[in-house]
Amino acid sequence: MNSAPWQLLAFGKPRLLDPTGQAVRCEARTLALLVYLTLEGPTSRSRLAGLLWPDTPEAAARNNLVHLLRRIGKSHDPGLVQAGEAVALGPALALDLQGWEEGGADVPSGPLLDGLGFDEQPDLAEWLLAWRERLDLARAGHLARRATEAEEAGALDGALDLTRRLLDLDPLSEDAWRRLMRLHYLAGDRPAALKAYHRCQEVLSRELGVTPLPETRELASLIDRGSVAPSAAPAAARIPLAVRRPPVLVGRADVWARMAAAWERGQGIILTGEPGAGKTRLALDFLAAHGGGMRFEGRPGDAGLLYATHARTYGQVLAAYPDLPLAPWIREELSRLLPGLGGTPEPIVSEEQKLRFWRAKVEVLGAAVQRGLRHMVFDDVQFMDEASVEAGGFVFAQLGWGQPDAPYRTIHIFRKGELSPLLTGMLQALVSGGLVELIEVGPLGEEDVQGLLEQLELPLDAQLPERLRRFTGGNPLLLLETVRSLHEAQAQTGTLPEALPLPEKAGAVISGRLGRLSAPALQAARAAAILGSDFDLELVAETLRAPLLDVAAAWEELETAQIVVGERFEHDLVAEALRQEIPEGVRRLLHRAAARVMGGSERAAPARVAGHWLAGGDAAQAAPWLLQAGQAAWHAARQVEAAQYFAQAAEHFGPVDERAAFGALALRAEVLANMDDPGHADAVRALHDRAVTPLERATAFMQTYRAVESTIDVEQIEPAVQAGLSALRAAEPGRETWLVEAQLTEGLALVAYIRGHHAEVRDHLRRLADLGERAASLEWQAKAQEGLGLALSAASPREATAHLERAEALHLRRGDLLRAGSSLAKLARVQCELGEVGSAQASVARGEQHLGRLDANHGERVALLFSQIMVAHLSGDLDLAARLHAHAHRTHSPDHSALLGFFPVLQARTLRLGGQLEGALAELALTRDGRAFPAHLLALRALEEAAILLALKRREDAQAPLDEAEALLQAAPNVAWQARLHDLRAEQEAGDDLAHQLAAQQVREQHGLPPGHWSAL
């Protein structure tokens, strides 16, 4: 007798019994809590609170749990539960669940917590549904084993009774119907056996609209003829090894010959075909015939996870070659993929850092090749993540992929029609460039099927090969699955069935075999399929909350059944079939369990954890992980993926946390602004629509400023900046506020610069530097230096160069190649005015190097082209200047940068310096046809027009542009341009005006300008 004073009967209608055996009133949450703790063990308070009160804020839900625990102790017995930070069952309670283990004692009859509904607790309801199914599977397993034992002992009546109970539990189980038919036949009641078959037909037709499986029909035919083998008890015979891996490859001679020819030429080999066509077997056999090598693979779940495939690939390489001599910088970079290497690299925020990371991969793979890694197979490319694919393309390009003298050979494999657009484009380029040989692996013909079947230890008749080819379409995997099922059917009936025992589709074929697994093995396989890539037994056990040794035993059954090989599925189609057949409630539960387990790891991949929460139906839990995924992508210089993750995070934060949703949208807008993406305008509108707090409104206006910044139009920039600063006055001070203010202050400086108010510019930039220090932002300290360089370029060009050089260094320290290139474009223009042609050439070369490593950012590229044309003028290379001008108009449009409106002035100068004066005047006229023109360069346009007119001897016509330039320079002084104005005034007077000549000389001497500076050309 059980000594516990209280009992909980959880099966059937649940009841809590006091020590006298009397049922006491008990609320549903109490019953659910006690059963949950029995099955899952000690559980954290936060987990229980979330299950029982899912729509209540966490603090309130935990408070509700406290009150529930107190009520249990007060109304029933304090010993029912032990309430620490983790809640557990107390010693005063016994349950009919206790002592039950899968594979052990019988499961009590009746549904778990029958009659209780938890519509307002969806996670709890799905947990209960999954456990009910798990218990039903266990009951079925117990009944089937006992029925088999009874049959083997000759107790046919007992076996029949147990089989009927099995059918009561699952009336759609054809295995149970076949068992009932066979037992009736063996008991000498052939009519009852055939009647059972007809009842099976009726049930399947009524409930599912299908007919019995071919093996069921075959058994009915054998019973009707009286030819069922006496020893027909189900057998768990091992499938012959030849069925798992046929010893001889058939039907691939032509493909093999093409592979051998490409191998000899040094080309990469790419195999494609339908799933199950035998691509992997072919590649591995070919590799073995050529001395062996290593196999790497993409796995389901890699896509969308940054460098998921490469993390596994480089882990394999280092495991195979553990003594590779890796320089410290290589280990540091590789620790981004393999944290076990111990490095702590900075986030990747620039293309230069990304290329350094990729170069580390080149060094590792190159070293492994030198050590003997000469042959590689890359399987299931369609599953690989795009970051790994792009990096892989770079790595192999550096290692001479596809060249006859390359010291290694590769085979890549993908499913036909399943490549992403990126991969499809790369494949087309590789094929057209002759670097690879693309080979399609097709189905087997009738003779090939005949040859394969001869290896598989299956009795053949004349029709079987053609029947199998027709049913399977010549697909080798489906053919082998069919033969496996034939072997299993033969083990049950003693003979091969007359009809093929499975349908035509591979998923249904595999599902038929999965249905023969024990409950623990099926649960382990399901968990592994849900986990996707990179699962292991420990992770499966944690997801199921099952003992590791129990999972290991179930795994042995899966390996025997050829469902898995080691810690991977025998074929990815097996995993796909598993995922498709998992009931929706169980699938969601497993995804949530996987998310919790994976999220608890220090090395959790945020995108993968988010994917599990989403698949588990908990978008609120997914949102923070999506935000982390976006930040990880941003730090890996994957801006497109970052924007997508931030958008998803905002969508799923929306219903539960408006502030977090706005923050995610703001991050997305910032990424899009950095990319010059057209979607930035919509992102800004979304921010304005959702802004509530002063800081949010200021952030929205700050992004409005980002959207119009490149126009250099005061009428657009100033209202956005002032509105943002106005909103910011009501915001709480702090780092976020200072960072937004810094961006807006940069806008104020830009407005003042365009207007020529240089004292204001310097004031704003000093404020910007102060904000950068307060916020500990290297970015804004760098921008302040860049801004000071720009502001001083008009009044003190020599001093400006020092600020711009510091700006480039600061930008590079934080890995910002975009702003480093921007600083260099400005520096080169100042150096041109100082006549330092060599320094200016070096600056534009460095700027081109920086910007050349980035995704398209048209605004900064236009600014660099401006500077490159100035350098070409100063060095006398007018052909280069003309080519740069043509390139600018060919690759850019006015919406990329307002500076493009000044390019006709640059071209006019090119033509004037080349003696084409009329063409120069016509080119300059293009700037007065109504198109946008940068206001801060109006004086320079007037000076160029005057220079052309004076070269044409039209001195009187030059008066108007000279007066215009003088008025503009009085409002916004620029020492180089003022020296040029004096030169042109003196030229207008035919050299008789010494005052202007002396004034020009004085300006140049005062500011260190040589006679041949750019404006003076």
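Right, let's walk through the structure included here. Please read all numbers here as calculations on a predicted model, not as lab measurements.

Parameters at a glance
Residues numbered from 1 in each chain as written. Predicted model: local features only at pLDDT ≥ 70, side-chain atom pairs only at ≥ 80, totals over all residues. Heavy atoms only, no water. Helix = DSSP H or I, 4+ residues; strand = E, 2+ residues; numbered from the N terminus. Buried < 20%, exposed > 50% of the residue type's maximum accessible area, 1.4 Å probe, protein only. Contact = heavy atoms within 4.5 Å. Areas by Shrake-Rupley, 256 points an atom, 1.4 Å probe, with all protein chains shown as cover. Lys, Arg positive; Asp, Glu negative; His and termini not counted. Charge placed at Lys NZ, Arg CZ, Asp CG, Glu CD. Phe/Tyr/Trp six-rings, centres within 6.5 Å; stacked < 30°, edge-to-face > 60°. Lys NZ or Arg CZ within 6 Å of the ring centre and 35° of its normal. Expected span 1.5 Å × (residues − 1). Polar contact = N/O pair within 3.5 Å; in protein donor to acceptor, adjacent residues only side chain to side chain. Core = buried A, V, L, I, M, F, W, Y, C linked by side-chain atoms within 4.5 Å. Domains from an automatic or database assignment.

**Examining the overall build of the chain**
Across its full length, the chain holds 46 helices and 14 strands. Within the chain, the fraction of its 1017 residues that count as buried is 53%. Sequence-distant contacts in the chain: of pairs separated by 6 or more residues, those separated by 24 or more amount to 67%. Split by element, the accessible area of the chain, about 43,300 Å² in all, is 52% carbon and sulfur. Of the charged side chains in the chain, 103 are positive and 134 negative, and the gap between their average positions amounts to 2 Å.

**Focus on the packing of aromatic side chains**
Summed over the entire model, instances satisfying the criterion amount to 15 aromatic pairs. Consider the rings of Phe 866 and Phe 903, whose centres lie 6.2 Å apart with planes at 85°: the pair is edge-to-face. Note that Phe 866 is positioned in helix α39 (residues 858-875) and Phe 903 in helix α41 (residues 903-913), a separation of 37 residues in sequence. Just as Phe 866 is buried, Phe 903 falls in that class too. These aromatic residues form a ring-pair network of at least three members: Phe 296, Phe 378, Phe 396, Trp 401 and Tyr 408. Taking the ring centre of Phe 357 as reference, the NZ or CZ of Arg 336 above it sits at 5.8 Å. Across the ring face of Phe 866, the terminal group of Arg 829 is positioned such that the distance to the ring centre comes to 5.2 Å.

**Comments concerning helix α29 (residues 658-675)**
With 18 residues, α29 extends 26 Å between its outermost C-alpha atoms, agreeing within 8% with the 26 Å of an ideal straight helix rising 1.5 Å per residue. Ala 661, Phe 662, Ala 664, Leu 665, Ala 666, Ala 669, Glu 670, Val 671, Leu 672, Ala 673 and Met 675 are the residues of α29 that are buried. On its buried face, α29 sits against α27 (619-635), α28 (639-653), α30 (680-690) and α31 (694-708). Its side-chain oxygen at 3.3 Å from the backbone nitrogen of Arg 659, Asp 657 defines the N-terminal cap of α29. Phi turns positive one or two residues past the end of α29, at Asp 676, with a value near 55°.

**Comments concerning the nonpolar core**
If you look at the biggest cluster of nonpolar residues, it comprises 110 residues, and the most contacted ones within it are Leu 93, Leu 112, Trp 127, Val 540, Leu 558, Ile 563 and Phe 569. Split by domain, the residues of this core number at least three in each of domain 1 (6-116) and domain 2 (130-226). Aside from chain neighbours lying at most four places away, what touches Trp 127 is Val 35, Tyr 36, Leu 39, Glu 40 and Leu 589. Ranked by size, the runner-up nonpolar core spans 83 residues in total, among them Ala 800, Leu 827, Ile 948 and Leu 962.

**What about the environment of Ala 525?**
Following the sequence through the fold, Ala 525 ends up in helix α21 (residues 519-531). You can call Ala 525 buried: its relative accessible area is 0%. The spatial distance from the C-alpha of Ala 525 to the C-alpha of Leu 514 is 9.1 Å, given a sequence separation of 11 residues. When sequence neighbours within four positions are dropped, the list of residues in contact with Ala 525 reads Leu 558, Phe 569 and Leu 578.

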